[in-house]
Amino acid sequence: MRDRSLWRHRLVGLAREGALSAAGLELALRRLALLPTPADWRRLADRLLLAAGLVLLLAGVLFFFAFNWSALHRYARLALAAAPLCVAALAALWCGRGYERHPTPEGLRRLQAALGAAVVLIGVLLAVIGQIYQTGADSELLFAGWALLALPWVLVAAAPWLWLFWLLVVNVAVLLFLAGRADLWAALVLPVGSLWSPLWLNLAVLAVWEGLAAWRGVARPDYAPRCVAVLTAIAATAFALAWVFRSTGDGWPGQDWAPVFYAGWAMALSLYYRHFRRDLVPLALVAGSLVIVGSAGFGRQIFVVQRFDVSGFLLLGAIVAGLSAAATVWLRHTARRWQAHAESQLKGEATDGAKDEAKGGAA
């Protein structure tokens, strides 16, 4: 896949330099199978229409309850919430049996779509039950129960996008738990981990995902670890900003270790995605987080410690521009370095192939 991207980038570069005409560019792309075929377009349309239909169907269920809530009896609410879940379960069973008889990619996508609909409808049913029977339970218990009940469905589906949705539900449960019980938890259970748990959670998921891909050769779509990296960047940035804007009198447990762990997160992602698994998106997330945290730190120093007047905004603007420029230069240098390394590998492979052909002809 990377070689295909490299060849496409190289051919487009030659066309921009004038060394290749438009017709020659199209011919080269077709010869190297770099242009999408009609089958590729049909596959893309099938996925988009399936995803759009699933989203619209689930949105219709949600808005139906939102609009008709006051006019429905509680038993009707429960029945109407449970009925789509049963339909989704039956559809998943039917698609699963069809996939066992004829295992095709289209059948697998339909099975995963049915299971994904069931996962969402589990949350809808729990929300309806919570609204009908006001037990006084906290909001984080709803999302925690949702994640627990949906886990078997997610395991069966084994779809990366469904795993990401489940991880989002778990993150919401953790954040609601911290927002509601952070003081109690920090005092009784884990004094240091209350503000660090979202970062540790998403880092652990990212490490497991990348570890399985490297060790077992599990399918690793590019968007999945990137989305998890976004969650780690949000958690790490919020964690670092909480340390930057901390009050001198109101400290939180373990705040002295915040810069160490934030720097460790930034270095770990930078080293791994720069040298082992080359991906520019996590590096851009790290660079953006460093710009935000660095700008916040300089802003605190300028306006809170040094107490600058309006001129401090000019200084802060210059600092933000400098940090952004440095991040851009670093990312561009990394991309060019990867491109030069890949081109040298392709040239080496082409040279070896020519030598082998020459030896074969001589023999």
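Residues numbered from 1 in each chain as written. Predicted model: local features only at pLDDT ≥ 70, side-chain atom pairs only at ≥ 80, totals over all residues. Heavy atoms only, no water.

## Some words on the overall build of the protein chain
Scanning the protein chain from N- to C-terminus turns up twelve helices and zero strands. Looking at the 363 residues of the protein chain, the share that counts as buried comes to 31%. Roughly 22,300 Å² of accessible area belongs to the protein chain as shown, and the carbon and sulfur atoms make up 68% of that amount. (Helix = DSSP H or I, 4+ residues; strand = E, 2+ residues; numbered from the N terminus. Buried < 20%, exposed > 50% of the residue type's maximum accessible area, 1.4 Å probe, protein only. Areas by Shrake-Rupley, 256 points an atom, 1.4 Å probe, with all protein chains shown as cover.)

## A short note on the packing of aromatic side chains
A full pass over the atoms with the stated rule returns eight aromatic pairs. Relative to F261, the ring of W200 has its centre 5.2 Å away and its plane inclined at 90°; by these criteria the two rings are edge-to-face. Within this pair, whereas W200 is found in helix α8 (residues 197-215), its partner F261 is found in helix α10 (residues 258-276), the two being separated by 61 residues in sequence. We classify W200 as partly exposed; its relative accessible area is 36%. Exposure remark for F261: the relative accessible area of 28% places this residue in the partly exposed category. Through a chain of ring-to-ring contacts, three or more aromatic side chains come together here, namely F143, W146 and F165. (Phe/Tyr/Trp six-rings, centres within 6.5 Å; stacked < 30°, edge-to-face > 60°.)

## Re the pattern of salt bridges
Per the stated rule, a full pass over the model turns up two salt bridges. Its salt-bridge partner being R277, residue E210 comes within 3.5 Å of it at the nearest N-O pair. Remark: R277 occurs in the loop between α10 and α11 (280-305) and E210 occurs in helix α8; sequence separation between them is 67 residues. With a closest N to O distance of 3.0 Å, D279 and R226 form a salt bridge. Of this pair, D279 sits in the loop between α10 and α11 while R226 sits in helix α9 (residues 223-244), and the two are 53 residues apart along the sequence. (Salt bridge = Lys/Arg side-chain N within 4 Å of Asp/Glu carboxyl O.)

## Examining the confidence of the model for the protein chain
Per-residue confidence for the protein chain gives a mean pLDDT of 78, with 75% of residues at or over 70. The lowest-confidence element of the protein chain is helix α1 (residues 2-17), averaging 61 in pLDDT; the highest-confidence one is α11, averaging 90. Note on residues 184-193: pLDDT is under 50 here. Beyond four places in sequence and across chains, it has twelve contacts. (pLDDT = per-residue confidence, 0-100. Contact = heavy atoms within 4.5 Å.)

## Remarks on helix α6 (residues 139-157)
In a regular helix each residue adds 1.5 Å, so 19 residues correspond to 27 Å; α6 covers 27 Å between its end C-alpha atoms and thus fits that length. Taken as a whole, α6 carries its principal kink of about 40° at L151; the proline P152 stands between one and four residues after it. E140, W146, A147, A150, V154 and A157 are the residues of α6 that are buried. (Expected span 1.5 Å × (residues − 1). Bend = angle between axes of the 7 residues up to and from the residue.)

## Quick look at a nonpolar patch on the surface
The grouping of W41, L44 and L48 at the surface amounts to a nonpolar patch, some 340 Å² of accessible area in total. One can find L44 in helix α3 (residues 38-68). The exposure class assigned to L44 is partly exposed, which follows from its relative accessible area of 39%. (Patch = residues over 30% accessible without salt bridge, like charges linked within 9 Å, V, L, I, M, F, W, Y side chains within 5 Å.)

## Thoughts on unusual backbone geometry
You will see that A158, though not glycine, has its phi angle at about 55°, which is positive. Tracing the sequence through the fold places A158 in the loop between α6 and α7 (160-188).

## Looking at the packing of α9 against α11
Following both chains from N to C, one finds α9 and α11 inclined at 10°, their axes separated by 10 Å at the closest point. When the axes of α9 and α11 are compared, the pair comes out roughly parallel. The two elements α9 and α11 cross, and the hand of that crossing is right-handed. The segment α9 lies against α11, with R226, A229, V230, A233, T237, A240, L241 and V244 engaging V281, P282, L285, S289, I292, V293, A296, G297 and R300. Residue composition of the contact of α9 with α11, by class: twelve nonpolar, three polar and two charged. (Axes fitted to C-alpha atoms, helices over the stretch in contact; angles between N-to-C directions. Parallel < 35°, antiparallel > 145°, perpendicular 65-115°, else oblique. Left-handed = near helix turned anticlockwise from the far one by under 90°. Nonpolar A, V, L, I, M, F, W, Y, C, P; charged D, E, K, R; others polar.)

## A word on the packing of α10 against α11
The interhelical angle for the contact between α10 and α11, taken along N-to-C directions, is 155°, at an axis separation of 9 Å. By the angle between their axes, α10 is roughly antiparallel relative to α11. In the crossing of α10 with α11, the sense of the turn from one axis to the other is left-handed. Residues Y262, W265, A266, L269, S270, Y273 and R274 of α10 touch α11, and the partners they reach there are P282, L283, V286, S289, L290 and V293. Each residue belonging to the contact of α10 with α11 can be placed in one class, and the counts come to ten nonpolar, two polar and one charged.

## Thoughts on the side chain of T232
By secondary structure assignment, the location of T232 is in helix α9. Among the residues examined, T232 registers a relative accessible area of 0% and is labelled buried.

## Focus on the environment of L125
Relative to the elements of secondary structure, L125 occurs in helix α5 (residues 105-132). In sequence terms L125 and R77 are 48 residues apart; their C-alpha atoms lie 9.2 Å from each other. The residues touching L125, leaving out its near neighbours within four places in the chain, are L78, A81, A82 and L85.

## What about α10?
With 19 residues, α10 extends 26 Å from end C-alpha to end C-alpha; this agrees with the ideal 27 Å at 1.5 Å per step. Within the span of α10, buried status applies to A258, Y262, W265, A266, L269, S270, Y273 and R274. Seen along its axis, α10 keeps its buried residues to an arc of 125°; they face one direction. Exposed residues pointing more than 90 degrees away from the buried face of α10 are listed as M267 and F276. (Arc of directions from axis to C-beta.)

## Some remarks on the environment of V128
For V128, the location among the structural elements is in helix α5. Expressed as a C-alpha distance, the spacing of V128 and R77, which sit 51 residues apart in the sequence, is 7.1 Å.

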